[in-house]
Amino acid sequence: MKPPTPSRATAPSAGPVPLGASPAAAVVCGIGAWVPPRVVTNAELARRLDTSDDWIRTRTGIRRRHVVAPGVSTGDLALQAGRRALESAGGAPVEAVVLATTTPDRPCPATAPEVASRLGLGGVPAFDVAAVCTGFVYALATASGLIAAGLARRVLVIGADAFSTIVDPHDRTTTAIFGDGAGAVVLRSGDPAEPGALGPFDLGSDGGLADLITVEAGGSRQRSTGRTAPAPDHYFRMDGKSVFRQAVLRMTESAQRVLDRAGLRIDEVDRFVGHQANARLLDAVAARLGLLPEHVVRHIDRVGNTAAASVPLALADAAHRGVVRPGHRVLLTAFGGGLTWGSAVLRWPDCRPVL
Ligand code: UT7
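Residues numbered from 1 in each chain as written. Predicted model: local features only at pLDDT ≥ 70, side-chain atom pairs only at ≥ 80, totals over all residues. Heavy atoms only, no water.

Examining the packing of aromatic side chains
All told, the structure shown has three aromatic pairs when counted by the stated rule. Here F163 and F178 contribute two aromatic rings whose centre-to-centre distance is 4.5 Å and whose plane-to-plane angle is 25°, an arrangement assigned as stacked. In this pair, F163 is assigned in the loop between strand 6 (154-162) and helix 6 (172-177) and F178 in the loop between helix 6 and strand 7 (180-190), connecting sequence segments 15 residues apart. Note on accessibility: F163 and F178 belong to one class, buried. Measuring from centroid to centroid gives 5.0 Å for F178 and F236, while their planes differ by 75°, and the two rings are edge-to-face. Of this pair, F178 sits in the loop between helix 6 and strand 7 while F236 sits in the loop between helix 7 (231-234) and strand 10 (237-238), and the two are 58 residues apart along the sequence. Taking relative accessible area as the criterion, F178 reaches 5% and is therefore assigned buried. Among the residues examined, F236 registers a relative accessible area of 4% and is labelled buried. (Phe/Tyr/Trp six-rings, centres within 6.5 Å; stacked < 30°, edge-to-face > 60°. Helix = DSSP H or I, 4+ residues; strand = E, 2+ residues; numbered from the N terminus. Buried < 20%, exposed > 50% of the residue type's maximum accessible area, 1.4 Å probe, protein only.)

Below you can see the structure in the form of structure tokens.
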């Protein structure tokens, strides 16, 4: 007679699962992306703000960005990217939706349940993750946890942001940097050794520097009095220079930590998909890590900084153009308000992006 297989609950405990190890790996099996059709060039911005194409290109690497039309929300972007990722994954239903965003449709409720409903996913668990520009990497880790815990076998992970709805239209710096968009992947339960398997991760935060990136109004700290708060308090504010310094430091450290955890050398990384905040920032991180320029994925010139959408948009675009190819070892690293940062590694699977 076959001996009974010990269930997870009764199996002898081997202690906590080590950081980065997972009993069932989350495997990327589909990717999609969407940007709204309206393009805003640097020249168009220079017609209404005290800026120039030359300043924006040389200081940030951005040539244009996409922005939502009035009335179009983050949930609308997430829906489009989510639909495309599901199509890329072959259309099989998912059992959870995790949406990373800084610009939810409303402060309450979360945006993810409505997106799941509009995608026709029935009553699956759906929730938002708030980690600003690191949100997508945090959401990947969260979804991997759901899969490892046996709570879902397939998860839709979306990064979507509409920063044009929160930047001060008179602030030439933030208006020039940010753009709107959404990217999404489908994760399925699989084997840690197969292409597409995510892991290990590195995640971190420093709330002591929370004030470097803020929107002051709309939360519990600045209580609603029933009257509108002063306009600047509704806008996104960033101490660009300090954030730049922190981003270089934290992204480099996080990338190095995840490589150490994975037992990889930097010359084993084929493509670095870093948060597309500034082309100079990507150069600085790549130089510190010892990456060759041809290994750095660049998407910022065409879309700007799309916050939580930045990493999946860059990844989808690179996979679409053949810059990221099946079998490539890919390093994902993001940084954002919080402060927060995170990295993950995977070998790119054979999946067709839908854009
Ligand atoms: O997504 C989360 C992570 N975000 C980041 O990592 C962003 C990191 N920070 C940055 O990318 C850069 O700091 C910025 C692009 C935001 C700013 O570039 P910078 O080289 O740090 O410029 P700065 O803020 O030091 O400003 C230099 C000058 C200032 O003029 P003065 O005071 O020297 O006369 C600014 O007013 O550039 C001016 N400036 C502009 N000029 C023309 C700032 N924005 C603009 C603009 N056009 N759009």
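Structure's up, so let's keep going.
Here's the deal with the UniProt feature "domain: Beta-ketoacyl-[acyl-carrier-protein] synthase III N-terminal" (unreviewed entry) in the chain
If you check UniProt for "domain: Beta-ketoacyl-[acyl-carrier-protein] synthase III N-terminal" (unreviewed entry), the listed places come out as residues 127-207 in our numbering. Helix makes up 25% of residues 127-207 and strand 35%, with an end-to-end C-alpha separation of 22 Å. (UniProt positions renumbered as here; feature names shortened; annotations may be inferred.)

Regarding the sheet that holds strand 1 (residues 25-34)
Strand order in this open sheet of five strands is 1-7-6-4-5, and the pairing throughout is mixed. In this open sheet, the two edge strands, each paired with only one partner strand, are strand 1 and strand 5 (126-129). Neighbour-to-neighbour, the strand axes of this sheet turn through a mean angle of 20°, independent of strand direction. Pairing of strand 1 with strand 7 involves nine bridges; the strand directions are antiparallel. Bridge assignment links V27 to a residue of strand 7, and that residue is R188. The strands touched by helix 5 (residues 135-148) within the sheet are strand 1, strand 4 (96-100), strand 5, strand 6 and strand 7, with strand 7 carrying the most contacts at an inclination of about 20°. Taken strand by strand, helix 11 (residues 310-321) contacts strand 1 and strand 7, and its axis lies near 85° from that of strand 1. (Pairing = 2+ DSSP bridges. Axes fitted to C-alpha atoms, helices over the stretch in contact; angles between N-to-C directions. Contact = heavy atoms within 4.5 Å.)

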